[in-house]
Amino acid sequence: MDEKQKDVMTNGNVGANGNSYSADNIQVLEGLEAVRKRPAMYIGDISVKGLHHLVYEVVDNSIDEALAGFCSDIEVIINENGSITVIDDGRGIPVDWHEKEKKSALEVVMTVLHAGGKFNKESYKVSGGLHGVGVSCVNALSSLLTATIHRDGKVYEQVYERGKPKSEIKEIGVSEKTGTIITFIPDDTIFTTTTFHFEILSSRLRELAYLNKGIRLTITDKRELDDSSNGNGNGDSEDETTSSGESKYRRESFYSQEGLKEFVAFLDENRERLIESIIHIDTEKNGVPVEIALQYNTSFSENVHTYVNNINTIEGGTHLAGFRRGLTRTLKTYAEKSGMLSKLKFDINGDDFREGLTAIISVKVQEPQFEGQTKTKLGNSEIMGVVDMAVSSELANYLEENPKDARIIVNKVILAATARHAARKARELVQRKNVLSGAGLPGKLADCADKDPALTEIYFVEGDSAGGTAKQGRDRQFQAIMPLRGKILNVEKAMMHKIFENEEIKNIFTALGVSIGTEEDSKALNLTNIRYHKVIIMTDADVDGSHITTLIMTFFFRYMIELIQKGYLYIATPPLYLVKKGNKERYCWTEDERKLIVDELGQGNPAGVHIQRYKGLGEMNAEQLWDTTMNPDKRTLRQVTIESAAEADRIFSMLMGDDVPPRREFIEKHAKYARIDV
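Residues numbered from 1 in each chain as written. Predicted model: local features only at pLDDT ≥ 70, side-chain atom pairs only at ≥ 80, totals over all residues. Heavy atoms only, no water.

Taken together, five strands build an open sheet; the order of strands is 13-14-17-15-16 and the sheet is mixed. Single-partner strands in this sheet number two, and they are strand 13 (279–285) and strand 16 (311–312). In this sheet, strand 14 (residues 288–296) lies alongside strand 13 in antiparallel orientation, the contact comprising seven bridges. Residue pairing across strands places I281 opposite I292, the latter belonging to strand 14. (Pairing = 2+ DSSP bridges. Helix = DSSP H or I, 4+ residues; strand = E, 2+ residues; numbered from the N terminus.)

Structure representation (structure tokens):
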């Protein structure tokens, strides 16, 4: 840099107040400090989702070893102290000296962002972990991390504290095995919670087992079995027991021989099959491996889940577009050639070909390009043609070889087109009512004064009585109230035109100001004119209230999933109890909290403590409802997010579908975690 350039840089940036802005003002975050300073930029957030993302990053490394052909067993352990251990039988992270970085290769991997063998195409052809930021990010966000490597007949270990090595790498023993063991404790000065949930982790491991057939993934929870974070999965489950026969900890193992075929069967286990076969496509086009499994059922919803290098692309992308194009063209060509469309008086569109379809699309891309709001939308333009070709050729062969199945599928498409035609008028009626000026808004809607959706919120409240209390207690400036009459329609078991004809559902669409349906996709949601950025479900804290919440959430998942993906959907949490003694009163949201408050206020004499159980929102007056449930300064809102769209799809179909036995089994398995409502 010459002297003139230096002068410009040091003296040329002086503000009006005389304060200089020079190179000295620029803060450079070295190494992993950037991760610790802005963790949400790397893992999404610092609450439950980001916490579990740490585990996914470590497991991704092991999966990459498996994709490269060097790993077959991966185990995740939730330890007694809440730490996580991930064990694989891969080659083990290299420990030899890295000449450029002047430290061991292990330390490079653990302390340098975007460092690792997966960036070398000779080591890994494809990598799921490239979507994230790797184990170095996990290291940075852990108060303590231990890496133990089995490699070349020896065992090596290095310990890190908040991303920095506490010592040099050490040789601590000999071993005939190979593999990597990572144990870490999340930093509680960064995360708002450090409690791992068994159910969230087991769901992801199950998903990975289906996506990577031939790999065994196991999760073990060594915390006490009655820990509230435990759950029930659907793998090979067993409870470890003590010598006295008492349960000690949970363990589940996932393994798939047929991959996506078993995944589709798992998702559709609560639905009635339209055809017995699961159509399976496993091929490679232009060097891109493409695997697809699909099956038709008697439901009215489309359930298509897409993955790129094991990453759930919840916003779809070019692989989804290629699948839809290939499916529509191939089925339409077959239907026209067979003469089955000759008597139809209106056109069939792509949406009709996907009603009652469950499908999994998985592609492996060397250099994926992600876009979209959550960076989970595939942008590689060439992948559309690749998937289109794969579907067109393989599906055409299947239809020719299975004419009976082909006719059943086409008849389902014709019925879907007929129902869509009937639904159009009902949907258009919803659109006509949807006027931004407020004209045509539902009569029961008590709107707010502010019109900026980023500042406003709407409560969908169970019943007119609670709705009236909420209207009195709200802040009219930014809070809108929309009472709903009882239990809304179960959309899981209803045809589309019935859904749009339902009065309560029409009111939801109209109150929100959203539009739905295009020529290509009758369920496509347009949120451009949405009137509120917080949509809050507020029901009674009892069994009926929980059922109504589930019905409403089913509707949002099936018909407004984009609203959930944008983070607009919430559930209010009214208290269960009011505990009083004299002039002291405390609200309680859980049974344990009630016991603690009774002990605190009663000081060993609970006889003088009065407990009021709130069975419904209507039992609170307007001031109480505001103080406990609606006041932004005091309330707790539970944001509805989707960790796994495939798992959510399965749960909703099980809970709200026609098949009773799986629902009964689910209830029996989860009974010990349920609250008894009396």
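Still to come is the rest of the account.
A word on the pairing of strand 5 (residues 142–151). Within a regular strand, the side chains alternate between the two sheet faces. The buried fraction of strand 5 amounts to eight of the ten residues, a majority that puts the element mostly inside the structure. In this sheet, strand 9 (residues 179–186) lies alongside strand 5 in antiparallel orientation, the contact comprising eight bridges. From the neighbouring strand, A147 faces strand 9, where its bridge partner is I182. When strand 5 meets strand 6 (residues 154–161), the two strands line up antiparallel, connected through seven bridges. By the bridge assignment, T148 is partnered in strand 6 with E157. In this structure, the hairpin formed by strand 5 and strand 6 is closed by a connection of two residues, where D152 is found at a positive phi of approximately 55 degrees. (Buried < 20%, exposed > 50% of the residue type's maximum accessible area, 1.4 Å probe, protein only.)

What follows concerns helix 15 (residues 543–559). Here helix 15 spans 24 Å end to end across 17 residues, near enough to the 24 Å set by a 1.5 Å rise per residue. Within helix 15, the full set of buried residues consists of G545, I548, T549, L551, I552, M553, T554, F555, F556, F557, R558 and Y559. (Expected span 1.5 Å × (residues − 1).)

By the secondary structure assignment, E161 is in strand 6. Judged by its relative accessible area of 36%, E161 falls in the partly exposed class. The sequence separation of E161 and D187 amounts to 26 residues, and the corresponding C-alpha distance is 9.7 Å. Ignoring anything within four residues of it in the chain, the contact list for E161 reads S142, S143 and K166. (Contact = heavy atoms within 4.5 Å.)

Among the secondary structure elements, L551 is positioned in helix 15. With 62 residues separating them along the chain, L551 and L489 place their C-alpha atoms 7.4 Å apart. Not counting chain neighbours up to four residues away, the residues in contact with L551 comprise K487, I488, L489, N490 and M656.

So, on to the sheet that holds strand 21 (residues 479–484). The strand order across the open sheet built from five strands is 21-20-24-25-29, with neighbouring strands paired in mixed fashion. Both edges of this open sheet fall to strand 21 and strand 29 (637–639), since each of them pairs with a single strand only. Sheet twist, expressed as the mean angle between neighbouring strand axes with direction ignored, is 25 degrees. Sheet contacts for helix 14 (residues 503–512): strand 20 (457–462), strand 21 and strand 24 (534–538); angle to strand 21, the most-contacted strand, approximately 170 degrees. Its contacts with the sheet put helix 15 on strand 20, strand 21, strand 24 and strand 25 (569–572), and the angle it makes with strand 24 is roughly 150 degrees. (Axes fitted to C-alpha atoms, helices over the stretch in contact; angles between N-to-C directions.)

Membership of the largest hydrophobic core comes to 48 residues, with the highest contact counts inside it found for I458, L512, F555, F556, M560 and L563. Per-element accounting of this core gives the leading share, eight residues, to helix 15. Counting 47 residues, the second largest nonpolar core, distinct from the first, contains Y56, C71, L201 and F254. (Core = buried A, V, L, I, M, F, W, Y, C linked by side-chain atoms within 4.5 Å.)

Counted by the stated rule, this structure contains 31 salt bridges. The salt bridge partner of K506 is E503, with a shortest N-O separation of 3.6 Å. Of this pair, K506 and E503 are both found in helix 14, three residues apart, which corresponds to roughly one turn of the helix. Among the charged side chains, a salt-bridge network with shared partners connects R36, E161, R162 and D187. (Salt bridge = Lys/Arg side-chain N within 4 Å of Asp/Glu carboxyl O.)

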